[in-house]
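# Geometric and topological summary
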Amino acid sequence: MADMMPFIDLATQRDRIRDKLEPAMAKVVEEGRYILGPEVTELEQRLAAFSGAPLALGCANGTDALALPLMAWKVRKGDAVFVPSFTFASTAEVVRWVGATPIFVDVDPETYTMDVAHLEACMDMVRKDPELTPRAVIAVDLFGQPADYPAIKALCDKDGLKLIADSAQGFGCTLNGQHPIHWADVATISFYPAKPLGCYGDGGAIVLKDEGLYELLRSLHVHGSGKERYEYARIGLNSRLDTIQAAILLAKLDIFQDEIDARNRAADGYAAGFGDLVRPHKVIEGGISTWAQYTLEVEDRDGFRKTLADHGIPTAVYYPWPLHDQPAYAGSPASPGGLPVTERISHHVVSLPMDAYLEGERLDRVVKAVRAALG
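Values in this document were obtained by computation on a predicted structure and should not be read as measured data. (Residues numbered from 1 in each chain as written. Predicted model: local features only at pLDDT ≥ 70, side-chain atom pairs only at ≥ 80, totals over all residues. Heavy atoms only, no water.)

### A word on the overall build of the chain
Within the chain, the regular secondary structure consists of twelve helices and eleven strands. Computed over C-alpha atoms, the radius of gyration of the chain comes to 21 Å, within 12% of the 21 Å expected from 2.2 N^0.38 for 375 residues, which places it in the range of a compact globule. The buried share of the chain, reckoned over its 375 residues, is 55%. Accessible area of the chain: about 15,700 Å², with a carbon and sulfur share of 51%. Treating the 37 positive side-chain charges of the chain as one cloud and the 52 negative ones as another, the clouds have centres 3 Å apart. (Helix = DSSP H or I, 4+ residues; strand = E, 2+ residues; numbered from the N terminus. Rg over C-alpha atoms; globule rule 2.2 N^0.38 Å. Buried < 20%, exposed > 50% of the residue type's maximum accessible area, 1.4 Å probe, protein only. Areas by Shrake-Rupley, 256 points an atom, 1.4 Å probe, with all protein chains shown as cover. Lys, Arg positive; Asp, Glu negative; His and termini not counted. Charge placed at Lys NZ, Arg CZ, Asp CG, Glu CD.)

Structural data, given as structure tokens:
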């Protein structure tokens, strides 16, 4: 068996920014402003500018970034929140946190993002349920590409629903030149290390447009703090972004757009190398993906993964067990028509190595292994 290559090459990235990274971290340690230091404020300003939003707020992780707006909007028991089932647990988990009911929506068979027609069917179902009130949609920028925000926003506007863009995997993606916050009430980010813009621990952020909501979120993310120290205006969370993680992210943000461009070149290299045999999920027309994952559908997933492993190529499976089939969500209402696309692709998707440094010999190794597995 060949030596296994990294699934995500964080070491090369670290070497690239080392001259900025190490002094930035040392500065935080020396100054001792470990919580809500100036680097956090600077990062928030730069995240807002990058995404074309007026405001941004750092928080402890991408899960809290989703929960905080629901708390601010007082989403609660009896409310329905529409979420995809083919996603990470956080997207639906936060709905249960606040006592609301997740309504699981199928995904488009080409893009794997929320299926707009099925979303509309789910909304129609909830309108007829006297025990549920539709309140919000959480659309996921799955694998790094934007959901169909113009269409989803139009459905939300019909019923006055809030729209969250879960950009945990997709911060930096655009649709027709616009970031998801152009349509959404808030867009949320995860800085988990494996994300396209990742720190060296946990971290998250919210970008938004409404100043009143921003002030409320700022209170909620620090224990519901009021105007004075040790004054608590509401029940909140302890969800601050560590200063040292902000310093790391500032160094990474300097090269982030260049890395997005490089990820797209790597995706093009894959397409050129084995696109005649298999294709990845389709990027929405007008969309630019961050390619958080490069995901294929294959018939014999186990056999495919074994062949690649024999060639020293790691793979990953996102997500083999859809959320609507998980025991934790057994009480959620059945979606109209079921979720056939979600259930089918969960048995066939597999993701290949992807990062901004996938080129040359490393990319060629993956291409050869994929062709060996499928040829």
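### A word on the packing of helix α1 (residues 10-31) against helix α8 (residues 243-253)
Taken N-terminus to C-terminus, the directions of α1 and α8 make an angle of 145°; their axes are 9 Å apart at the nearest point. Every pair of crossing elements has a handedness; the one defined by α1 and α8 is right-handed. Facing α1, whose interface residues are Gln13, Ile17, Lys20, Leu21, Ala24, Met25, Val28 and Val29, α8 presents Thr243, Ile244, Ala247, Ile248, Ala251 and Lys252. Here the contact of α1 with α8 is composed, by residue class, of ten nonpolar, two polar and two charged. (Axes fitted to C-alpha atoms, helices over the stretch in contact; angles between N-to-C directions. Left-handed = near helix turned anticlockwise from the far one by under 90°. Contact = heavy atoms within 4.5 Å. Nonpolar A, V, L, I, M, F, W, Y, C, P; charged D, E, K, R; others polar.)

### Let's talk about the pattern of salt bridges
All chains considered together, the criterion is met by 18 salt bridges. In this structure, Arg371 and Asp276 form a salt bridge, with 2.8 Å as the shortest nitrogen-oxygen distance. With Arg371 in helix α12 (residues 360-374) and Asp276 in the loop between α9 (256-274) and β9 (287-288), this residue pair connects regions lying 95 residues apart in the sequence. Taking relative accessible area as the criterion, Asp276 reaches 56% and is therefore assigned exposed. Salt bridges sharing common partners tie together Asp15, Arg18 and Glu22. (Salt bridge = Lys/Arg side-chain N within 4 Å of Asp/Glu carboxyl O.)

### So, the pairing of strand β8 (residues 204-208)
The buried fraction of β8 is high, at five of five residues. Residues Gly204, Ile206 and Leu208 point to one face of β8 and Ala205 and Val207 to the other, with burial holding for every one of them. Sheet topology places strand β1 (residues 55-59) next to β8; five bridges connect them, and they run antiparallel. The residue bridging Leu57 from the neighbouring strand is Ile206, located in β8. Here strand β7 (residues 186-190) runs beside β8; their pairing, made up of five bridges, is antiparallel. Pairing of Thr188 across the sheet is with Ile206, part of β8. (Pairing = 2+ DSSP bridges.)

### As for the nonpolar core
By size, the foremost hydrophobic cluster in this structure holds 46 residues, and its most contacted members are Leu47, Phe82, Leu119, Val137 and Ile152. Setting aside its immediate chain neighbours within four residues, Leu119 contacts Phe82, Val105, Met114, Val137, Ile152 and Leu155. Val75, Val81, Ala92 and Val186 belong to the second largest nonpolar core, which has 32 residues in total. (Core = buried A, V, L, I, M, F, W, Y, C linked by side-chain atoms within 4.5 Å.)

### Digging into the pairing of strand β2 (residues 79-84)
β2 sits mainly inside the fold: six of its six residues count as buried. Of the two faces of β2, the one carrying Asp79, Val81 and Val83 and the one carrying Ala80, Phe82 and Pro84 are both buried. Note: β2 against strand β4 (residues 133-140), four bridges, orientation parallel. By the bridge assignment for β4, Phe82 is matched with Val137. Since β2 and strand β3 (residues 101-105) lie parallel, the crossover through helix α4 (residues 90-97) that links them has a hand, and here it is right-handed. (Right-handed = clockwise from strand over helix to strand, strands pointing away.)

### Comments concerning the state of the cysteines
One pass over the full model with this rule turns up zero disulfides. No disulfide involves Cys59; its sulfur sits 11 Å from that of Cys199, the nearest cysteine. Between Cys156, a free cysteine, and Cys122, which holds the nearest cysteine sulfur, the sulfur-to-sulfur gap is 13 Å. (Disulfide = S-S within 2.5 Å.)

### Description of a nonpolar patch on the surface
A cluster of nonpolar side chains, contributed by Val29, Tyr34, Ile35 and Leu36, occupies part of the molecular surface with about 370 Å² of accessible area. Along the polypeptide, Ile35 turns up in the loop between α1 and α2 (38-51). A residue is classified by how much of its surface remains accessible, and Ile35, at 42% relative accessible area, is partly exposed. (Patch = residues over 30% accessible without salt bridge, like charges linked within 9 Å, V, L, I, M, F, W, Y side chains within 5 Å.)

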